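As a plain string of letters, each chain reads:
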Amino acid sequence: MTRSFDDAVLEVLRRLQPGEVVTYGEVAEEAGFPGAARAVGTFLRRTGEQVPWWRVVAAGGHLRAPDRRLQTELLRAEGVVVRSGRVVAAARQTRQPTG
């Protein structure tokens, strides 16, 4: 049985731990949909699911959430270093993809 894109992305997002930061592209890759980074962003904007959206950033660590101030606050509360709208150090190392 093939998982839907939404289900696969939800699974990846729910496994993210406090202080862990991943890119939209890494979420797409781990979910089994390489090259679907923009679709991950679209999913995050429209989902009603409770997921740690603030742990997902653009390539290069750039914050792209609609409320970047809130994203910065949430990341910093988890020990992530954010400077000038960019993650410069995560509190936890990104895990290896399991998808």
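About the criteria used
- Residues numbered from 1 in each chain as written.
- Predicted model: local features only at pLDDT ≥ 70, side-chain atom pairs only at ≥ 80, totals over all residues.
- Heavy atoms only, no water.
- Salt bridge = Lys/Arg side-chain N within 4 Å of Asp/Glu carboxyl O.
- Buried < 20%, exposed > 50% of the residue type's maximum accessible area, 1.4 Å probe, protein only.
- Helix = DSSP H or I, 4+ residues; strand = E, 2+ residues; numbered from the N terminus.
- Contact = heavy atoms within 4.5 Å.
- Phe/Tyr/Trp six-rings, centres within 6.5 Å; stacked < 30°, edge-to-face > 60°.
- Arc of directions from axis to C-beta.

Colleague: Provide a residue-level description of the pattern of salt bridges, including the pertinent values.
Modeller: Counted under the stated rule, the structure contains five salt bridges. Salt bridges linked by common partners bring Glu11, Arg15 and Glu30 together as one network.

Colleague: Tell me about helix H2 (residues 24-31), residues and numbers included.
Modeller: What H2 keeps buried is the set Tyr24, Val27, Ala28, Glu30 and Ala31. Buried residues belonging to H2 abut helix H1 (5-15), strand S1 (22-23), helix H3 (37-46) and strand S2 (56-57). Once H2 finishes, Gly32 follows within two positions and takes phi at roughly 95 degrees, a positive value.

Colleague: Tell me about the packing of aromatic side chains, residues and numbers included.
Modeller: For the structure on display, the rule yields two aromatic pairs. Look at Phe5 and Phe33: their rings are 5.1 Å apart centre to centre, the planes differ by 75 degrees, and that puts the pair in the edge-to-face class. Of this pair, Phe5 sits in helix H1 while Phe33 sits in the loop between H2 and H3, placing them 28 residues apart in sequence. Ring geometry for Trp53 and Trp54: centres 5.8 Å apart, planes at 90 degrees, overall edge-to-face. Taking the relative accessible area as the measure of exposure, Trp54 reaches 17% and is therefore buried.

Colleague: Which residues make up H3, and what are the values?
Modeller: The set of residues buried in H3 consists of Val40, Gly41, Phe43 and Leu44. When H3 is viewed along its axis, its buried side chains cluster within an angular range of 160 degrees and face the same direction. Along H3, the residues that are exposed and aim more than 90 degrees away from the buried face are Arg38, Arg45 and Arg46. Where H3 is buried, its residues touch H1, H2 and S2.

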